[in-house]
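Structural characterization, general
One-letter residues, chain by chain:
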Amino acid sequence: IGEPSTYYKYISGTLNPKTAGTRTFNLNGSGGIIISEPNPYVSGQGNSTSKNIIDNVYVRDTKHHGISIVGGITTLIQNCRLSGCSGHGIFIDSGTTTTTLINNYVSSAVLAGIKVKDSSSVALIGNATDECGIGLFLRACTSCTVINHYAELCRSRSLDYIPQRTGVTFSNSSFLGGS
């Protein structure tokens with residue numbers, strides 16, 4: 001996707017000043033990672049966040065969403081692990097386009113492990129959600145593809161799909177458990 005404008009890699013655990021070349025931050029109890037356009041939810045403002053990469057990040061025990069993208073374009077979230085988020089594990093929201101989530105694992109999120117809302121051209125490939133409120137929640141998505149997704153033991157349900165738009169494709173995915 002070209003040179004990233006925002007690039008998070010190898011963020012985990014606690015601050016370690018001895019680790020040269022690796023950015024480490026303490027995210028415990030914070031809101032996680034939030035990437036948002038300057039005026040979210042305001043029509044006509046345009047997408048100002050692009051080429052965002054979040055790679056190999058561990059986020060745990062957040063007070064809200066683990067990773068939240070609002071109004072981003074060409075965003076890649078891969079190889080991340082999220083646990084104990086008080087909101088959604090990964091939340092793709094409002095006008096986000098051309099976004100790919102690859103090989104992420106979300107456990108014990110209070111709301112959805114992964115939620116995609118009001119977004120288009122989103123690919124979810126090889127992700128897993130475990131013991132979340134809802135495993136995967138898709139709402140008002142256009143051109144969304146779900147491949148090799150695995151969700152189990154979710155408190156409410158493993159899949160919640162509200163087909164308010166068109167073009168959602170599921171392939172080789174399992175949604176197990178939940179009430």
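Residues numbered from 1 in each chain as written. Predicted model: local features only at pLDDT ≥ 70, side-chain atom pairs only at ≥ 80, totals over all residues. Heavy atoms only, no water.

1. Looking at the overall build of the protein
On a plain count of helices and strands, the protein comes out with zero helices and 19 strands. With 179 residues in all, the protein has 44% of them scored as buried. Summarising the internal contacts of the protein: among those between residues at least 6 apart in sequence, 46% fall at separations of at least 24. Accessible surface computed for the protein: about 8200 Å², of which carbon and sulfur atoms make up 51%. (Helix = DSSP H or I, 4+ residues; strand = E, 2+ residues; numbered from the N terminus. Buried < 20%, exposed > 50% of the residue type's maximum accessible area, 1.4 Å probe, protein only. Contact = heavy atoms within 4.5 Å. Areas by Shrake-Rupley, 256 points an atom, 1.4 Å probe, with all protein chains shown as cover.)

2. Concerning the packing of aromatic side chains
With the rule as written, the count across this model stands at one aromatic pair. An angle of 85° between the planes, with centres 6.1 Å apart, marks the rings of phenylalanine 170 and phenylalanine 175 as edge-to-face. Among the residues examined, phenylalanine 170 registers a relative accessible area of 34% and is labelled partly exposed. The class of phenylalanine 175 is partly exposed, set by a relative accessible area of 25%. (Phe/Tyr/Trp six-rings, centres within 6.5 Å; stacked < 30°, edge-to-face > 60°.)

3. What about the environment of tyrosine 105?
Within the element layout of this structure, tyrosine 105 appears in strand 10 (residues 105–107). Measuring from C-alpha to C-alpha, the distance between tyrosine 105 and tyrosine 150 comes to 9.5 Å, with 45 residues separating the pair along the chain. Those residues in contact with tyrosine 105 that sit more than four places away from it in its chain are Cys80, Arg81, Leu82, Ala128 and Asp130. At 3.1 Å, the side chain of tyrosine 105 and the side chain of aspartate 130 are in polar contact. (Polar contact = N/O pair within 3.5 Å; in protein donor to acceptor, adjacent residues only side chain to side chain.)

4. A short note on unusual backbone geometry
Positive phi, close to 55°, is recorded for alanine 140, a residue that is not glycine. Among the structural elements, alanine 140 can be located in the loop between strand 14 (134–139) and strand 15 (142–147). Of note in the backbone geometry, asparagine 172 takes a positive phi value of approximately 50° without being a glycine. By the element assignment, asparagine 172 lies in the loop between strand 18 (168–171) and strand 19 (174–175).

5. Details of the environment of threonine 75
Mapped onto the elements, threonine 75 comes out in strand 6 (residues 72–78). Along the backbone, threonine 75 and threonine 100 are 25 residues apart, and their C-alpha atoms lie at a distance of 6.4 Å. For threonine 75, the contacting residues outside a window of four places in its chain are Asn52, Ile69, Thr98, Thr99 and Thr100. Polar contacts involving the side chain of threonine 75 include one to the side chain of asparagine 52, which spans 3.3 Å.

6. So, the pairing of strand 6
Counting buried residues in strand 6 gives five out of seven residues, a clear majority hidden from the surface. Bridging between strand 3 (residues 49–55) and strand 6 involves six bridges; their strand directions are parallel. Along strand 6, the bridge assignment pairs aspartate 55 with glutamine 78. Sheet topology note: the strand 6/strand 9 (residues 97–102) ladder contains five bridges and is parallel. Across the sheet, isoleucine 77 pairs through a bridge with leucine 101, a residue of strand 9. (Pairing = 2+ DSSP bridges.)

7. Details of the nonpolar core
Ile54, Ile67, Ile77, Ile90, Leu124 and Leu138 are the most contacted members of the largest nonpolar core, which totals 28 residues. Residue assignment for this core shows that the elements contributing at least two residues are strand 2 (33–36), strand 5 (67–70), strand 8 (90–93), strand 11 (112–117), strand 12 (120–125), strand 14 and strand 15. (Core = buried A, V, L, I, M, F, W, Y, C linked by side-chain atoms within 4.5 Å.)

8. Notes on the confidence of the model for the protein
Across the protein, pLDDT averages 80, with 74% of residues at or above 70. For the protein, per-element mean pLDDT is lowest for strand 1 (residues 6–9), which scores 52, and highest for strand 10, which scores 97. Under a pLDDT of 50 for its full length, residues 10–29 has, in the predicted model, 38 contacts with residues more than four places off or in other chains. (pLDDT = per-residue confidence, 0-100.)

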